[in-house]
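# A structural walkthrough
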Amino acid sequence: MSQTDENYYENRNSLFQKNESEKFKQDANAVKRGRSRLFEITFYKKGYMFASAILSIISVAASFIPYILLYLILKEILPHLSDPGSIDASLLMMYIVYIIAAVIITLVTMFGALMCSHLAAFQTLYHLKIEFASKLASLPLGYFNQNATGKLRKVMDDNIESIELFIAHHFPDLVGSFAAPVILVLLLLYFDWRVGFVCLIPIALAYVIQAVSFGGKNKVMFLKTYQDALEDMNSSAVEYVRGISVIKIFNQTVYSFKKFHTSIMNYTEFCIKYTYMCRAPMTAFVTILNNISFFIIPIGIWWVTRTTDYTAFALTFIFYLIFSASVVSPFMKLMYVSNKGDVILDGIGRMDETFNTPSVREPVSPADPKAVAGRSIRFANVSFSYTEDNEHKALSDVSFKAEEGQITALVGRSGSGKSTIAHLIPRFWDVDSGAVYVGDTDIRDLKTDDLMDMVSFVFQDVFLFKQSVKDNILVGKQNAADEEVYAAARAAQCDDFIRKLPNGYDTIVDSKGIHLSGGERQRIAIARAILKDSPVIVLDEATAFADPENEYKIQEAFKELVKEKTVIMIAHRLPTIRTAHQIIVMDEGKIAESGTHDALIQKNGVYKKMWEAYDSTLSWRISQNSDLKSDSRNSNDSNGSDDSNGSDDSKNSNDSNGSKNSNDVRKNIPKNVQKTDVSAQGGAV
Ligand SMILES: Nc1ncnc2c1ncn2[C@@H]1O[C@H](COP(=O)(O)OP(=O)(O)OP(=O)(O)O)[C@@H](O)[C@H]1O
């Protein structure tokens, strides 16, 4: 494995290691909110941030020096206007050198402040994102039911990244914006307190307008509504893209896909309303700040009619006219940072909602996985409900034992609780009552990582990361050698097709032009599980949608995977579980019956009915095919086509003309088989 690979896996490992980098997780007894939380996060890299703050203050202070020097230059020039030769040129030169030096100091220190804040920001962002992803991995699956992917994506991408923006840019600006007004006010009052006071009036007026228009609860409410609307639009957009195939098939558009359309309209409506609301006060704020001279000029006119010392008047008046223009920038920045700060604070609140959600509970003194006796799985009086009110129980008092080294199959109609059983084994959810045991140990007494090492899961809906095929298999065992990966792929019947991909094992899944079929994806998932080599395997309807060739290969792969393992298997097709050591038949969250295939057939109960329904479906399919064949032959005959290619042609025309032919099919089905078809759908296994 190359050095780069090793680094990659170290990084990826840390995603899943709890307690290792929980620097942003809040102590339950001292949960911070709002500004104190923002500054807690901002000062994660204290050294850099203090350096940034100090440099920023120096930069702001230095930026006012040219104005003072300008005053001194005017003071030197104005009294000597009638005799320019008497101006001390060397003094003026010195002032100009000082001005250049001040400008350089301003720029260099601001650059230093931004460098420090950026270094801090990138490191903070890295750790925050890692910890957030790690937190997501530690949450129970139920959390993702209630929180749409789009919402979590927004928190991860927008809200957390806005913290980076705050630390990198807004923080130095904020420090500068607080320092600047203080220095400004002092300078304004220092040179002539009366004119200075006049300059402060418009500044105060602008801030009163701001505070009245946007301050207090109003602003908080508005921000919340804005973020909610944005979040809603994000979630709907993700749902829209994910469901694009359904939207296309049913000829929906962005207008008729109501949820997305409504969320866009709500957002737009809110933005327009907000813009209208901001229009007047913002215009007033900006206009007043940009026109402080408007307040100074009347004072100047009044003063000039009353003074005799025109030089002193001109010096003060010109200085204040120039200096008042510099007031705009720091005050505008302060307003901008304070507005942005509120958006960021709201984002932090949303991020903390996730951080403060309890993770899957870890035992205080966990059991030693090596000391666990046996690898059987036992459900003891397990009840479970997805809803907190416990209204609808997905499982009620379920007890069974899946013996070590044996295959236990779960069957039952849709919604009977099979997947729920499968999901409780790796603790995707915790039981409401009763317990699940691996060997003699309650799974809640094991550390989640240890439990995960014991269980492999092959989902029906295989998720492959947009990484190389090899990396996708390596998810099963991150430090496996290449040879182990190839061996697992061979055992999972996927080595052949992987090697035919453009870059073999290094081909990026779902990259341009690379598409893997459902069956191929499933075999990669099985290769993962084979590589993981855990003693307990949970298979969730893994062959449900495979074509015959793929199903054969998947079955071959399964044979390798399940050797000497405790297997719990949910299967759609009854023949695949015929040889299972134990079959558990679920009905409405309860075990209806259990036993071997022969014993259950003998029992003449629900399981036997399922077989009868299954047989009828088979005979229905056979009669449907033969009827269609004879139909097509007849129609080909009547069209005078060649007999030898008739059946294939008719198959194609059936495919492209579904509705018409489905009516034909119905006509050809005997009445008793039509009935069986309906019941077979209800009792899918
Ligand atoms: N994430 C969930 N949130 C809320 N209710 C759920 C959730 N998953 C399943 N249920 C409910 O729990 C019950 C059992 O569902 P489960 O998925 O275990 O059935 P199943 O037998 O596996 O069905 P299928 O064969 O269709 O996959 C059903 O009533 C279902 O509606």
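Residues numbered from 1 in each chain as written. Predicted model: local features only at pLDDT ≥ 70, side-chain atom pairs only at ≥ 80, totals over all residues. Heavy atoms only, no water.

### A word on the overall build of the protein chain
Helix and strand counts for the protein chain come out as 25 helices and 10 strands. Classification of the 685 residues of the protein chain by burial places 45% in the buried group. Considering only contacts within the protein chain whose residues lie at least 6 apart along the sequence, 76% involve residues at least 24 apart. For the protein chain, the exposed area adds up to about 36,200 Å²; of that, 58% sits on carbon and sulfur atoms. (Helix = DSSP H or I, 4+ residues; strand = E, 2+ residues; numbered from the N terminus. Buried < 20%, exposed > 50% of the residue type's maximum accessible area, 1.4 Å probe, protein only. Contact = heavy atoms within 4.5 Å. Areas by Shrake-Rupley, 256 points an atom, 1.4 Å probe, with all protein chains shown as cover.)

### Details of helix H19 (residues 518–532)
For H19, which comprises 15 residues, the first-to-last C-alpha distance of 21 Å matches the rise-based estimate of 21 Å (1.5 Å per residue) to within 8%. Remark: Asp-533 follows H19 within two positions and exhibits a positive phi of approximately 55°. (Expected span 1.5 Å × (residues − 1).)

### Focus: the UniProt feature "transmembrane region" (unreviewed entry) in the protein chain
Within this numbering scheme, the UniProt entry marks residues 48–74, 95–120, 165–189, 195–214, 282–304 and 310–331 as carrying the feature "transmembrane region" (unreviewed entry). In this annotation, residues 95–120 is assigned 100% helix and 0% strand; the end-to-end C-alpha distance for the span is 37 Å. Secondary structure over residues 282–304 splits into 96% helix and 0% strand, and the C-alpha atoms at its two ends are 34 Å apart. (UniProt positions renumbered as here; feature names shortened; annotations may be inferred.)

### Description of the sheet that holds strand S1 (residues 377–385)
Taken in spatial order, the four strands make up an open sheet running S2-S1-S4-S5, and their pairing is antiparallel. The two strands at the open ends of the sheet, each matched to only one other strand, are strand S2 (393–402) and strand S5 (441–442). Summarising the sheet, strand S4 (residues 433–438) and S5 pair through two bridges and their orientation is antiparallel. The residue bridging Tyr-437 from the neighbouring strand is Asp-442, located in S5. (Pairing = 2+ DSSP bridges.)

### Regarding the pattern of salt bridges
The tally for this structure, following the rule as stated, stands at 10 salt bridges. Asp-442 serves as the salt-bridge partner of Arg-444, at 3.0 Å between the closest nitrogen and oxygen. For Asp-442, a relative accessible area of 13% translates into the label buried. (Salt bridge = Lys/Arg side-chain N within 4 Å of Asp/Glu carboxyl O.)

### Description of the side chain of His-423
Here His-423 is to be found in helix H14 (residues 418–424). Residues within four places of His-423 in sequence aside, it is in contact with Tyr-386, Phe-428, Trp-429, Phe-457, Phe-459 and Asp-540.

### Digging into the confidence of the model for the protein chain
Scored by pLDDT, the protein chain has a mean of 76; 78% of the residues are at 70 or more. Overall, residues 1–21 carries pLDDT values under 50, and its contacts beyond four positions in sequence, including any with other chains, amount to 29 contacts. Low confidence marks residues 632–685, where pLDDT is under 50. Its contacts with residues over four positions away, or in another chain, come to 38 contacts. (pLDDT = per-residue confidence, 0-100.)

### As for the packing of aromatic side chains
Think of a pair of aromatic rings as described by two things: how far the centres are apart, and how the planes are tilted against each other in angle. Evaluation of the coordinates by the stated rule reveals 10 aromatic pairs. Between Arg-499 and the ring centre of Tyr-486, over which it is positioned, the NZ or CZ distance is 4.9 Å. Here the basic side chain of Arg-578 rests over the ring of Trp-611, its NZ or CZ set 5.2 Å away from the ring centre. (Phe/Tyr/Trp six-rings, centres within 6.5 Å; stacked < 30°, edge-to-face > 60°. Lys NZ or Arg CZ within 6 Å of the ring centre and 35° of its normal.)

### Observations regarding helix H11 (residues 292–304)
Two residues of an α-helix separated by three or four positions point the same way, owing to the 3.6 residues in each turn. The end-to-end C-alpha distance of H11 is 19 Å, a good match for the 18 Å that 13 residues give at a rise of 1.5 Å each. Of all the positions in H11, only Ile-292, Ile-296, Gly-300 and Trp-303 are classed as buried. Projection of H11 onto a plane perpendicular to its axis shows the buried side chains occupying an angular sector of 65°, all on one side. Of the exposed residues in H11, the ones pointing more than 90 degrees away from its buried face are Phe-294, Ile-301 and Trp-302. (Arc of directions from axis to C-beta.)

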